[in-house]
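Summary of structural features
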Amino acid sequence: IGDAARRRPGDLLTGLLEAQVALLLDRRDAFRETVRRMQAVDPDAPETLLASGYLKLSIDSDLDGAVADFARGTAVAPGDAELWNGLGLAQGERDALREAEQAFRTAIAVDPNDPVAYTNLAILLLDQSRVAEAERLVDKALDLDPSFSAGYVARGRVLLQKGDLPRAMDALLAGSAANPASAQ
């Protein structure tokens, strides 16, 4: 991806992929540099705002800045579920629960076949002890992608909150098997 980014420095999709890999590998300086290059190309592009929002959310702990970037992104590209999902995560971190829920629900409406927003909304609802609602969302996420590790972790939380410890352990182990590197 780094080679592709050097060959096509103005390609924001390649920059976004480079930023996502840097985040996954915890290469913070590389992530920051990639976002800086993307901003120099087009600071208002959805890809740039998505990467910048995650930089502020995940690295800089600038929740207001993350919300601002994701909100600008959704204004520019209202059909981008990733931006809505990022907005939901940032709003959730700010304890703006209604706003987070609305952003996740919009992400689901925009892309009903993506299990990520279903799972993130389920986790938000679990934090509010809305277990029955969360369970339906987790079931939907795992119907869409039976290998989605975060879905199994969320299912484990549902079962824990319902008091079903043996099945919760099975679900959490399934999540761990699907993604052994996940700290959750």
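Structure's up top.
What counts as what
Per-chain numbering applies: the sequence of each chain, read as written, is numbered from 1 onward. The predicted origin of the model limits local features to residues at a pLDDT of at least 70 and limits the giving and counting of side-chain atom pairs to 80 or more, whereas totals for whole chains, interfaces and linings rest on all residues. Each side-chain value is derived from all of the structure's non-hydrogen atoms; neither hydrogens nor water enter the calculation. The helix count covers DSSP runs of H or I at least four residues long, the strand count covers runs of E at least two residues long, and both are numbered beginning at the N terminus. Computation of the radius of gyration draws on C-alpha atoms alone. For the globule rule, the value is 2.2 Å times the number of residues to the power 0.38. A simple rule labels every residue: compare its accessible area, found with a 1.4 Å probe on the protein chains alone, to the largest value its type can have, and call it buried under 20%, exposed over 50%, or partly exposed in between. Exposure was quantified through the Shrake-Rupley algorithm and a 1.4 Å probe, taking into account, for residues, occlusion by the shown protein chains and nothing else. What counts as a ring pair is set by centres within 6.5 Å for rings of Phe, Tyr and Trp (its six-membered ring), and what kind of pair is set by the plane angle: stacked under 30 degrees, edge-to-face over 60, tilted for all other angles.

Here's the deal with the overall build of the chain
A tally of regular secondary structure across the chain gives 11 helices and zero strands. Each helix and strand of the chain, ordered N terminal to C terminal, gives the series α-α-α-α-α-α-α-α-α-α-α. At 17 Å, the chain has a C-alpha radius of gyration in line with the 16 Å of a compact globule built from 184 residues. The principal-axis extent of the C-alpha atoms belonging to the chain is close to 50 × 30 × 30 Å. Residues classed as buried in the chain amount to 42% of the 184 residues present. For the chain, the accessible area works out to roughly 9600 Å², and carbon and sulfur atoms hold 52% of it.

Concerning the packing of aromatic side chains
For any pair of aromatic rings, geometry is given as the distance between the ring centres together with the angle between the planes. Per the stated rule, a full pass over the model turns up one aromatic pair. Ring geometry for tyrosine 54 against phenylalanine 70: centres 5.1 Å apart, planes inclined by 70 degrees, an arrangement best described as edge-to-face. With tyrosine 54 in helix α4 (residues 46-59) and phenylalanine 70 in helix α5 (residues 63-76), this residue pair connects regions lying 16 residues apart in the sequence. When sorted by exposure, tyrosine 54 lands in the same class as phenylalanine 70, which is buried.

Spatial relationships are all this shows, so hold off on functional conclusions.
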